[in-house]
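Structure at a glance
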Amino acid sequence: MINYMLAKLESQMRQAVQLQQDGRFPAALGGYELICEALRFYEELGYGQEAENIHRLPLAVQPTPAMTLYCHALIQYYRRHYSSALEAIKAALAVSSEITMLHVLKARILTALGDLPGAHETYRFIQDRDPGYDGAHDSLFMLAAEQEMPGPDYYDWLERFHHWLRPATYVEIGLGHGRSLALAGPETRAIGIDPYQGAWEHLNYVCPHTPATLFPVTSDDFFVGHDLREVLERETFDLGFIDGLHLFEQALKDFINLERYARKDSVVLIHDCLPIAPIVAERERCTGFWTGDVWRIIPCLKTFRPDLKIMTIPTKPSGLGVVTNLDATSTVLSDNYDDIVRYYLTLRCPESFEQRRVVCRVGSADEEYVKEQFCGK
Ligand SMILES: C[S@@+](CC[C@H](N)C(=O)[O-])C[C@H]1O[C@@H](n2cnc3c(N)ncnc32)[C@H](O)[C@@H]1O
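Since the model is a prediction, treat every value here as computed from it, not as a measurement.

Domain parsing of the chain yields domain 1 (2–148) and domain 2 (154–374). On a C-alpha basis, the centroid separation for the pair domain 1 and domain 2 is 30 Å. Facing the 15 residues of domain 1 at the interface are 15 residues of domain 2. Among the elements that line the side of domain 1 that touches domain 2, the one with the most residues is helix H8 (residues 137–148), at eight residues. Residue classes in the side of domain 1 that touches domain 2 are distributed as 11 nonpolar, one polar and three charged.

Pasting the structure below:
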């Protein structure tokens, strides 16, 4: 399966290179970013040489020395070799300081290195020099997220939950490229649900131990068509992750459906519960980086289900809700679903991050605290 994934990444990289050669640079760059991010995962699994061969494909075709250095910096950035990435991008800028995207990558690297003032200064420079360039917007959200939520990102937290709980069963709703699903450990029977990405040919990551079982349907269709107990061959699930359609009513429905198969000590994680800015929490997507209004689920559960134990971990880029003390017999949410949705859709996203922290019940990001509160058994 890993060889299948690596062959697929190689073919995707060849396609991205072709896009660049056809003059479709933004599309090519999007491909390079996704592929480089995935290659780090396989490097960590010991497939360094295979990853290296794939990295060489774009490096070999860059039209100028500055672009070769840019490409090298991007590869090092995704490898998390940030100092070497910074050296490469500075060298690229020394020859071609007129290319805005080089400055943007420099700002992203500075963010990753924790030099937030340096990143801010670089973004200001970009805005002054090239006000029409909108390629920096998402990176600015990342910078703000780094500032407000320093420390491990939500993948690191997911990994921790897998480590603490060693779940026998894991259910993920919303797969993206499969990066979060691939965190399931060898002892875990994992299932992934996603109408668009629920097939291996769409994913870039595969769990090295036991590949998950995929269901290429919406979460609603999954729960109508399947009994989770039969799918898991267990009465209950241990760990669930809701990261599907980023609308409050859907996240709530996913929670209701999952809870029916929960034990009291099962844990449900919900992504995107702490938006970095109100604009990324709009219900209509108008930014590249988008959380939707999933955050509403936290005040909603807090009010309607005071029996649940809930907090949001302030982890970049958009917070991770954690819920336990579940009750499979509770019907409060399903009985009042329409009224609850109608009411919570009127709730405004608080303007300031401080207010959002309060409404979204942000707790301490201390590892021991979270482990004790939610994985104590
Ligand atoms: C942000 S991505 C998930 C990212 C992934 N969990 C990760 O952390 O790497 C959201 C995914 O939800 C999927 N999705 C959208 N609507 C859905 C639905 N109704 N049911 C299940 N998945 C859905 C999308 O296809 C997309 O792949």
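Once that is clear, we can look at unusual backbone geometry. A cis geometry characterises the amide bond from Lys-316 onward to Pro-317, with omega recorded as 5°. Tracing the sequence through the fold places Pro-317 in the loop between strand S6 (309–313) and strand S7 (320–324). Of note, Arg-80 is a non-glycine position whose phi angle comes to about 65°, a positive value. Within the secondary structure, Arg-80 sits in the loop between helix H4 (65–78) and helix H5 (82–95). Of note in the backbone geometry, Glu-233 takes a positive phi value of approximately 55° without being a glycine. Position of Glu-233 among the secondary structure elements: in the loop between helix H11 (228–232) and strand S4 (237–242). When the 9 C-beta atoms within 10 Å are taken as the criterion, Glu-233 is described as exposed.

Here the focus is the environment of His-177. Mapped onto the elements of the fold, His-177 is located in the loop between strand S1 (169–173) and strand S2 (189–193). Note: C-alpha distance between His-177 and Leu-326 (149 residues apart in sequence) is 29 Å. Discounting residues that sit within four places of it in the chain, His-177 has contacts with Leu-34, Ala-38, Leu-203, Asn-204 and Tyr-205.

Reading guide: rules and limits
- Residues numbered from 1 in each chain as written.
- Predicted model: local features only at pLDDT ≥ 70, side-chain atom pairs only at ≥ 80, totals over all residues.
- Domains from an automatic or database assignment.
- Contact = placed C-beta atoms within 7 Å.
- Helix = DSSP H or I, 4+ residues; strand = E, 2+ residues; numbered from the N terminus.
- Nonpolar A, V, L, I, M, F, W, Y, C, P; charged D, E, K, R; others polar.
- Buried ≥ 20, exposed ≤ 12 C-beta atoms within 10 Å, placed from the backbone.

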